[in-house]
There are 2 protein chains.
Amino acid sequence: MISQKAKYALRALAALARADNKRPMLIAEIAEQQKIPKKFLEQILLDLKHRGLVMSKRGKEGGYLLLKPAEEITFGEILRMIDGPIAPLPCLSQTAYRKCDDCLSEQECEIRHVFARVAEATREVLFNATIADTLDGQNRAAVVLAG
Amino acid sequence: MISQKAKYALRALAALARADNKRPMLIAEIAEQQKIPKKFLEQILLDLKHRGLVMSKRGKEGGYLLLKPAEEITFGEILRMIDGPIAPLPCLSQTAYRKCDDCLSEQECEIRHVFARVAEATREVLFNATIADTLDGQNRAAVVLAG
DNA sequence: ACTAACTCTACCTACTAGATAGAGTTAATT
DNA sequence: AATTAACTCTATCTAGTAGGTAGAGTTAGT
């Protein structure tokens, strides 16, 4: 299961992608629209900002904006940011490889081969799905035209 | 990531599958061979016993035996037992479906479609991989002949 | 009776998820 | 320059879980 936090992050990005990208969107607006606890969402957006996915403006008329086109933000990269490695075993992670403490040899590990296939299949989906895929037909067309 | 416990369970089953199925295998043997903390493995095997995957014999000459052929024990069923649902979202679980608290409509959920594909891809691998796949060529041949 | 081995329940410690609280900072407006 | 809307940051809290340990109880072979 993915974390609640990752779910919120994806839905917040989806909300931003759907919004008019000329005017920033308030944390409060996103929170209400997506039923996300506001203070929790603050943290999430701040984090996404530090990682360069969104930008913010303070003060009156402030809010958040998407910094990259929705088609360039993959589910995989968001999940990896929030929940950590995609791989089901540490010894299969691309970004946080770690040898299993209890495993004598990776070549001989009884279960590694199977999970390698799981990892591959999962990545295939997650890195080919983007925030643009969350938009319905109408919105997606608008985004493509604008982009 | 799968839990350490699930990893241990799979490796313990692999050890049992590789063993001579005429003589029970001691918890201590499995623990040593697979570098699993013995007392923790006790719990895991007991759990697997209650679920009908292995049987045990107490007292002298006791130990554990596989109850089903290795080819009939899938990775998916073990993972589901130990770690719970395979699906990345509660609303996509086959065995423990639960509506997301914060999601208004499943039809319109921005992220559900993508994760449905993840779930499908993962299940495809996990329910087609069995404990028999953990055996190397030599052992697998022996098991097939014996079965 | 002895003892090897599984059985069961309880417990422990560290960590994480999922938040909430509140003081601080910035910038537009009046 | 005062006000206020809005983001920023750090601290804190609570419940739950992972991963493991302890130890008394039970069974069955010798």
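The coordinates are above.
Conventions used here
- Residues numbered from 1 in each chain as written.
- Chains lettered and ligands numbered in written order.
- Predicted model: local features only at pLDDT ≥ 70, side-chain atom pairs only at ≥ 80, totals over all residues.
- Heavy atoms only, no water.
- Pairing = 2+ DSSP bridges.
- Helix = DSSP H or I, 4+ residues; strand = E, 2+ residues; numbered from the N terminus.
- Near = heavy atom within 4 Å.
- Polar contact = N/O pair within 3.5 Å; in protein donor to acceptor, adjacent residues only side chain to side chain.
- Nonpolar A, V, L, I, M, F, W, Y, C, P; charged D, E, K, R; others polar.
- Contact = heavy atoms within 4.5 Å.
- Salt bridge = Lys/Arg side-chain N within 4 Å of Asp/Glu carboxyl O.

Asks: Go over the pairing of strand β1 (residues 54-57) of chain A, please, and point to the residues and values.
Replies: Here β1(A) pairs with strand β2 (residues 63-66) of chain A via four bridges, running antiparallel. Looking at β2(A), one finds that M55(A) is bridged to L65(A).

Asks: Provide a residue-level description of the protein's contact with DNA strand C, including the pertinent values.
Replies: Every one of the 27 residues lining DNA strand C counts as a neighbour, but K39(A), Q43(A), K49(B), S56(B) and Y64(B) are closest to it. For DNA strand C, the fraction of atoms within 4 Å of the protein that belong to sugar or phosphate moieties is 70%. In the model, a phosphate oxygen of DNA strand C is placed 3.1 Å from a nitrogen or oxygen of the Q4(A) main chain. Within the contact set of DNA strand C, a phosphate oxygen lies 2.4 Å away from a side-chain nitrogen or oxygen of K49(B). No other element matches the six residues that helix α3 (residues 38-50) of chain B contributes to the surface near DNA strand C. Across the surface near DNA strand C, the residue classes tally to seven nonpolar, nine polar and 11 charged.

Asks: I'd like a rundown of the interface of chain B and chain A, residues and numbers included.
Replies: Taken together, the contact between chain B and chain A spans 35 residues of the former and 35 residues of the latter. At the boundary of chain B and chain A, one finds four salt bridges. At the junction of chain B and chain A, the tally comes to 10 residue pairs in polar contact (both at pLDDT 80 or more). The set of elements that each furnish at least two residues to the side of chain B that touches chain A consists of α1 (4-18), α2 (27-34), α4 (75-83) and α5 (112-126) of chain B. Take the side of chain B that touches chain A: its biggest share by element is eight residues, from α5(B).

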